[in-house]
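Read off the chains here:
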Amino acid sequence: MSSTTTPQRRLGIYGVLLILLVLVAAPLASVLVNAAVGYHDEPSALGSIIQPGMLHILGNTVLLSVLVVAFATLMAAPLAFLRSWTRFSRANWIEIVIMIPFMTPPFAAAMAWMDFTRRGGVAEMLLGHGAGKLAHDAIYSVWGMAFIMAAELFPFLYLILRTCLNSIPASTLEMAQIAGASRWQQAVRIIAPNVVGPYSLGALIIFIKAAGEFGTPVTLGNAIGYKVLVSSIYEDVTIDPLDFSSAAASSSVLFAIGVAAWAFQQWISRRDLSGGGRVSRPVHIRLGSVGTVFGAVVTATIFMAAVVIPYLSITLAAMTILRSAPPTPNNLTFDYFSIVVQMPTAQEALVRSIGLGALGATTAVALGVLVTVLTRRQSTIAAKFSDFLAIAPDTVPGIVLAIGFILLWNSPWLPWSPYGTMGMLVMAFTVLFLPMAIQNIKASAESVSPTVYEAAAISGSSTLHTFGRITLPLLAPGIFAGWLLAFFVGIRELVMSSLIRPSQVNLLAPWIMNQFDQGHRAEAMAMTLIGVGTSTVVLVAITWWQNRKAAHAR
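Bear in mind that the values here come from a model prediction, so they are computed numbers and not experimental data. (Residues numbered from 1 in each chain as written. Predicted model: local features only at pLDDT ≥ 70, side-chain atom pairs only at ≥ 80, totals over all residues. Heavy atoms only, no water.)

A count of helical and extended segments in the protein gives 23 helices and zero strands. Taken against the 2.2 N^0.38 rule, which gives 24 Å for 554 residues, the C-alpha radius of gyration of the protein at 24 Å falls within 12% of a compact globule. If one aligns the C-alpha atoms of the protein with their principal axes, the spans along those axes are about 75 × 70 × 50 Å. By the burial criterion, 53% of the 554 residues in the protein qualify as buried. Taking all contacts inside the protein whose residues are at least 6 apart in sequence as the whole, residues at least 24 apart take part in 79%. As presented, the protein carries roughly 24700 Å² of accessible surface, and 66% of it is formed by carbon and sulfur atoms. Distance between charge centres in the protein, computed from 31 positive and 23 negative side chains, equals 17 Å. (Helix = DSSP H or I, 4+ residues; strand = E, 2+ residues; numbered from the N terminus. Rg over C-alpha atoms; globule rule 2.2 N^0.38 Å. Buried < 20%, exposed > 50% of the residue type's maximum accessible area, 1.4 Å probe, protein only. Contact = heavy atoms within 4.5 Å. Areas by Shrake-Rupley, 256 points an atom, 1.4 Å probe, with all protein chains shown as cover. Lys, Arg positive; Asp, Glu negative; His and termini not counted. Charge placed at Lys NZ, Arg CZ, Asp CG, Glu CD.)

See the structure below:
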């Protein structure tokens, strides 16, 4: 990955740029064009976005997203500190548990909390009528929506903050202590400047994903009458009469919110001092007995909110015969799991989602490797624009991309279109997963010295040989991490799967949501457990293999 731009490399950059223009830029441009001129014979609906009702929905969206960022920060920051700088860094099981929210369909988590706190629900059975009512009122509110969404999204921020804290050398803080700096001065002068950039990036990701969150607003949001832009767009493209002009106009507003949030993040992080790379000796803070107990309580509280309570509710919903009765042995059954396993549509949904998640993750990682290798240390406009387009999907909510794919590939002037095929889903998943793949691959690339490639060139190694024997092995940790993260998100992805999948194709998240809509709550929750259980087995197996490989390497 040298800085030299050879003719072959220049050709590769233009090829990657062409792919990104088709996959990323064209759908986003379609949203803006159709918002301005209207869809087919429909007039433009841009004027509707300044109506009082739409402005109220816009305010709801921004408020909800800000609250989600606040709750996610309260969950991610202490956990990242404990995992990076204290004895909790040895608790590797936390990394497995932290991935479970990634694998949980968001609307399933919302339904679980709604079930847990409903009148006569588990919270009321365990805590009594008064406390149960307080829990119900807390969850059935905008604060409850934000809390549930944060419990699903905070791992994004946690992983970024943990990596950032791990990159701060212990020697830097030790030198500050020797110079007489207090703990407060170290936090303000050293830690904060290093954290602000990565934190703002994580907060941006959370904000954008919250603004485009689909599951919780159409379940809990509809139940409490709290309408956001996503639910408005969903109604425009799924409820007759369909109104794609209004969907494009609302999507353009979400697009603008995402770009504004991205610009604000860039301004915040302009003095980011984090350097990345490997640190020989990380910071380690000794916790006393009180600190250890407090850390354990904080960790347990976070996992109770993100994993234990939702899955307790999901498990009971999947096994309870009579919802209004207590979950006694006589009121529990495994029959719903048998029903789901024997349903051909359920089998197809699980298998197809695993396959599509794996395929989408693979294509995203492959494209991410090309972008990283070809554009790294390149100052040409084509390279910089390619790099920007590769991370652009992280600056807009997923539903905007979904609407863009519909508007673009359903255009009558196209001689051929992948619309209505699995190929379009693979393309959409590739775009959706590309930023997380790029971020992980670039993190590995940053830790590699350019002298490695200079030595290879001096020794006469060809470009292809260098790529296969040096570049790929050095990027392998980032490739693997990016693929794994994309795979788990892909299995439970809902927006793309619901809006652009072929009608005859069953996928996991839409199948579960359809079961909810049809009143088959137990079957839906049983399938949720089967899907997440399958993903968790894969995660545990991969983690075990990694640890065993690392042990052999030592």
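Okay, the packing of aromatic side chains next. With the rule as written, the count across this model stands at 15 aromatic pairs. The interplanar angle of 70° and the centroid separation of 6.1 Å between the aromatic rings of Phe 81 and Trp 85 together place this pair among those described as edge-to-face. In this pair, Phe 81 and Trp 85 are both assigned in helix α2 (residues 52–85), four residues apart and thus about one turn of the helix distant. Since its relative accessible area comes to 29%, Phe 81 is described here as partly exposed. One aromatic cluster is present, built from ring pairs that chain together Phe 71, Trp 113, Phe 116, Trp 143 and Phe 147. (Phe/Tyr/Trp six-rings, centres within 6.5 Å; stacked < 30°, edge-to-face > 60°.)

Remark: helix α1 (residues 7–37) packs on helix α12 (residues 244–268), axes separated minimally by 8 Å, with the N-to-C direction vectors making an angle of 125°. Our classification of the angle between α1 and α12 gives oblique. For the crossing formed where α1 meets α12, the hand is left-handed. Contact residues: Leu 28, Val 31, Leu 32, Asn 34 and Ala 35 in α1; Ala 248, Ala 249, Ser 251, Ser 252 and Phe 255 in α12. In terms of residue class, the contact of α1 with α12 is made up of seven nonpolar, three polar and no charged. (Axes fitted to C-alpha atoms, helices over the stretch in contact; angles between N-to-C directions. Parallel < 35°, antiparallel > 145°, perpendicular 65-115°, else oblique. Left-handed = near helix turned anticlockwise from the far one by under 90°. Nonpolar A, V, L, I, M, F, W, Y, C, P; charged D, E, K, R; others polar.)

Turning to the nonpolar core, a few remarks are in order. Nonpolar side chains in soluble globular proteins tend to end up buried together. With 177 residues, the main nonpolar core has Leu 20, Leu 64, Val 68, Phe 154, Leu 254, Ile 399 and Ile 403 as its most contacted residues. The element contributing the most residues to this core is helix α7 (residues 142–166), with 17 residues. Not counting residues within four places of it along the chain, the set of residues in contact with Phe 154 comprises Ala 72, Met 75, Ala 76, Leu 79, Ile 98, Ile 206, Ile 302 and Ala 306. Listed in part, the eight residues of the second largest apolar core include Val 369, Val 373, Ala 437 and Leu 475. (Core = buried A, V, L, I, M, F, W, Y, C linked by side-chain atoms within 4.5 Å.)

Under the criterion given, the structure shown has seven salt bridges. A salt bridge links Arg 492 to Glu 152, with the nearest nitrogen and oxygen atoms 2.5 Å apart. Note that Arg 492 is positioned in the loop between α20 (463–491) and α21 (495–499) and Glu 152 in helix α7, a separation of 340 residues in sequence. There is no split in this pair, since Arg 492 and Glu 152 are both buried. The closest approach of N and O atoms between Asp 387 and Lys 442, which form a salt bridge, is 2.3 Å. One end of the pair, Asp 387, is in helix α16 (residues 381–391); the other, Lys 442, is in helix α18 (residues 422–446), and 55 residues separate them in sequence. One network of salt bridges, with partners in common, ties together Asp 115, Arg 118 and Arg 521. (Salt bridge = Lys/Arg side-chain N within 4 Å of Asp/Glu carboxyl O.)

This part takes up the UniProt feature "domain: ABC transmembrane type-1" (unreviewed entry) in the protein. In the numbering used here, UniProt assigns the "domain: ABC transmembrane type-1" (unreviewed entry) feature to residues 58–265 and 350–542. Taken end to end, residues 58–265 has its terminal C-alpha atoms 20 Å apart, with 83% of it in helix and 0% in strand. (UniProt positions renumbered as here; feature names shortened; annotations may be inferred.)

Let us look at helix α17 (residues 398–409). Taking 1.5 Å of rise per residue, 12 residues should cover 16 Å, and α17 covers 17 Å from first to last C-alpha, within 8% of that figure. Burial analysis of α17 places 11 of its 12 residues in the buried class, the great majority of the element. Within α17 the residues assigned to the buried category are Ile 399, Val 400, Leu 401, Ala 402, Ile 403, Gly 404, Phe 405, Ile 406, Leu 407, Leu 408 and Trp 409. (Expected span 1.5 Å × (residues − 1).)

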